[in-house]
Number of protein chains: 2
Amino acid sequence: MSFIWLNGAFLAEDAPALRAQDRGPLLADGVFDTCLAVNGAPEHGPAHFARLARHAALLEIPLPGFDLIAAAQELLARTGLATSRAVIRTTLTRGPGPRGLAPPPEARPTLLMQAAPAPDPATLAPATAIIARATRRNEHSPLSRIKSLNYGDNILAAQEAQKRGAREAILLNTQGNAACAAAANIFIREGAHLFTPPSADGAMDGITRAALLAAGKAREETIPEERLREADAIYLTSSLLGIRQLYRLEDKTYEECALP
Amino acid sequence: MSFIWLNGAFLAEDAPALRAQDRGPLLADGVFDTCLAVNGAPEHGPAHFARLARHAALLEIPLPGFDLIAAAQELLARTGLATSRAVIRTTLTRGPGPRGLAPPPEARPTLLMQAAPAPDPATLAPATAIIARATRRNEHSPLSRIKSLNYGDNILAAQEAQKRGAREAILLNTQGNAACAAAANIFIREGAHLFTPPSADGAMDGITRAALLAAGKAREETIPEERLREADAIYLTSSLLGIRQLYRLEDKTYEECALP
């Protein structure tokens, strides 16, 4: 039997866990985090959980005071994932509330943690992507900059990628500038320089993205669709898969080329 | 003890109901409906559940074949709401899936129905609204036209209304044209004419809105913010509260004025 962690307790993975009155399932009122763990240790765990708190604060959802690193470690041990690559998904919702949209004056948040085996990027097929036509990312919404539960547009883009034979989809924002991929941030290489869309263009606040920017390896710049298509190389970054070069975008294939 | 209806069974309202692997709570992968019931009978029930199926089809989520009118009636009876005004909330998610964004090849959807007492619009304080500045509605996304679970922007707008002392918030789309309110569609009156934003501008496909359009009482037209502010009257429509005139938008108050 496998387990999930819910508000400090371990439950059987298949048992009903969330109440129907919870504003997470009802209204996507919450945020989440996806963190890689290797041999039982969450990678950049403090950065991940600090970001979760920051994104929750933007929605005015308090993050309960659990030791999330310890919870993740215990969950990995109990699920038999402490000696391999695993992904920790942490979900925070505003919890139950009375009917209606306005948040209750005092939130009783729901905090959920799940663990699953993580793929080894070295064993994956080459990364391919389309440019999503089914939807756009709304850079006018603060939700475009955080990892909120509102993943409907990302799902539409991922569905489109699946139908068009690619593994990922790059979302343009409402101005037609690149924002991010459905499940990753994006970087483009032009000669010796690396650029990534600014958060004002709808780029999610990714941990790997932030690390590359903080290390001075890349700069934020608006990337119109044409510039994206003309780049020398495109990279996807995510906590789960690290930095992966795109082998193909739409009909264009790329030479293998390390980060500048 | 009160009840909810879940995939054909009645459960105690406070019991955990949803699995943690459900793509509804994890990714807002689903749609919902809110329907008024008076004395045990859902109003325009067939139109509501047909719309739920239509919106689900847009996301390629199959609607399980339950008799939802009968389910609603039995739920109202069991919750003691069959002799008053009640709201029926029906939630459909794609159900559980493996990790990742791409939907599983065969969905096992989750269908949830909840009932709660509904307010009588005659007893409510006058309707007031702001124009939301915190976020915009993304008319480039098909989600803007359906009642998906992705209500994050609506919540941000409702939170802003609450802080600025109003009951509702009107969302502009990314072009600055009016789309809808956080929990209602909008209509404006100009002389003897009634207009509502077209679905291409991000208007949700509301049942009351559709009825007014089908009856030839209103026309769809793009409504820039200035035109919204200059209207002779503004009406909110929703299945729950019917047609309500705004008493105040931002600093402007309106004379009481029936629909043309």
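Residues numbered from 1 in each chain as written. Chains lettered and ligands numbered in written order. Predicted model: local features only at pLDDT ≥ 70, side-chain atom pairs only at ≥ 80, totals over all residues. Heavy atoms only, no water.

Under the counting rule described, the total for this entry stands at 4 aromatic pairs over all chains. Pairing W5 of chain A with F66 of chain A gives two aromatic rings, centres 5.0 Å apart and planes at 85 degrees, and the pair type is edge-to-face. Taken together, the residues W5 of chain A in strand β1 (residues 3-6) and F66 of chain A in the loop between α2 (45-58) and α3 (68-78) connect sequence positions 61 residues apart. With centroids separated by 5.0 Å and ring planes inclined at 70 degrees, the aromatic side chains of F32 of chain B and Y151 of chain B adopt a geometry described as edge-to-face. Taken together, the positions of F32 of chain B in strand β4 (residues 30-38) and Y151 of chain B in the loop between β8 (127-131) and α4 (152-163) put the pair 119 residues apart, joining distant regions of the chain. F32 of chain B sits in the buried class, given a relative accessible area of 4%. Lying over the aromatic face of F32 of chain B, R89 of chain B brings its terminal NZ or CZ to 3.8 Å of the ring centre. (Phe/Tyr/Trp six-rings, centres within 6.5 Å; stacked < 30°, edge-to-face > 60°. Helix = DSSP H or I, 4+ residues; strand = E, 2+ residues; numbered from the N terminus. Buried < 20%, exposed > 50% of the residue type's maximum accessible area, 1.4 Å probe, protein only. Lys NZ or Arg CZ within 6 Å of the ring centre and 35° of its normal.)

For the rest of this paragraph, the subject is the interface of chain A and chain B. Listed as interface residues are 55 residues of chain A and, on the opposing side, 55 residues of chain B. Carbon and sulfur atoms supply 58% of the area buried between chain A and chain B, which totals about 4,500 Å² over both sides. Three residues, R99, L101 and I155 of chain A, lead the burial of chain A against chain B; their summed loss comes to 14% of the area buried on that side. There are 4 salt bridges connecting chain A and chain B. Its salt-bridge partner being R19 of chain B, residue D14 of chain A comes within 3.0 Å of it at the nearest N-O pair. Summed over the shared surface of chain A and chain B, the result is 25 residue pairs in polar contact (both at pLDDT 80 or more). Breaking the side of chain A that touches chain B down by element, the ones donating at least two residues are β3 (16-19), α1 (23-27), β6 (85-93), β7 (110-117) and α4 (152-163) of chain A. As paired strands, β3 of chain A and strand β3 (residues 16-19) of chain B are joined by 3 bridges and run antiparallel to one another. Its bridge partner lying in β3 of chain B, P16 of chain A is registered against R19 of chain B. (Contact = heavy atoms within 4.5 Å. Buried area = accessible area lost by both parts, 1.4 Å probe. Salt bridge = Lys/Arg side-chain N within 4 Å of Asp/Glu carboxyl O. Polar contact = N/O pair within 3.5 Å; in protein donor to acceptor, adjacent residues only side chain to side chain. Pairing = 2+ DSSP bridges.)

Residues and elements named next belong to chain A. Residues other than glycine seldom take positive phi values, yet N7 does so here, at roughly 50 degrees. Mapped onto the elements of the fold, N7 is located in the loop between β1 and β2 (9-12). Under the relative-accessibility criterion, N7 is labelled partly exposed at 36%. A positive phi angle is found at N39, which is not glycine, with a value near 55 degrees. Note on placement: N39 falls in the loop between β4 (30-38) and β5 (41-42).

Bringing the pattern of salt bridges into the picture now. Counted according to the given criterion, the structure contains 28 salt bridges over all chains. A salt bridge links E190 of chain B to R227 of chain B; its shortest N-O distance comes to 2.8 Å. Here E190 of chain B, found in strand β11 (residues 185-190), pairs with R227 of chain B, found in helix α6 (residues 225-230); they are 37 residues apart in sequence, far enough to count as distant. Residue class for E190 of chain B comes out partly exposed when judged on its relative accessible area of 26%. Put simply, R227 of chain B and E221 of chain B hold a salt bridge, and the shortest N to O gap is 2.9 Å. Among the charged side chains, a network of salt bridges with common partners joins E190, R219, E221 and R227 of chain A.

This part is about the relation of the copies chain A and chain B. Mapping chain A onto chain B calls for a screw motion: a turn of 180 degrees about the axis and a shift of 0.0 Å along it, with 0.0 Å RMSD after fitting. Taken together, the rotation and translation relating the two chain copies correspond to the operation of a two-fold axis. Closest approach to the rotation axis among the C-alpha atoms of chain A is made by P25 of chain A, whose C-alpha sits 2.0 Å away. Taken together, the interface assignments show that 100% of the residues at the interface of chain A recur at the interface of chain B, consistent with an identical surface on both copies. (Least-squares fit on C-alpha atoms with pLDDT ≥ 70 in both.)

Per-residue confidence for chain A gives a mean pLDDT of 97; residues scoring 70 or more make up 100%. Predicted as a complex, the structure gets a pTM of 0.97 and an ipTM equal to 0.97. (pLDDT = per-residue confidence, 0-100.)

Let us look at the pairing of strand β15 (residues 242-249) of chain B. Residue and element names in this part refer to chain B. Two elements, β8 and β15, share 3 bridges in a ladder whose sense is parallel. From the neighbouring strand, A127 faces β15, where its bridge partner is L246. With 4 bridges joining them, strand β14 (residues 233-238) and β15 adopt antiparallel strand pairing. Across the sheet, the residue bridging to T237 is I243, located in β15. As consecutive antiparallel partners, β14 and β15 are separated by 3 residues. Pairing analysis gives 2 bridges linking β15 to strand β16 (residues 252-253), with the strands arranged antiparallel. Within the sheet, the bridge partner assigned to R248 lies in β16 and is T253. Following β15, the chain reverses through 2 residues before pairing antiparallel with β16; E250 in that reversal takes a positive phi of roughly 50 degrees.

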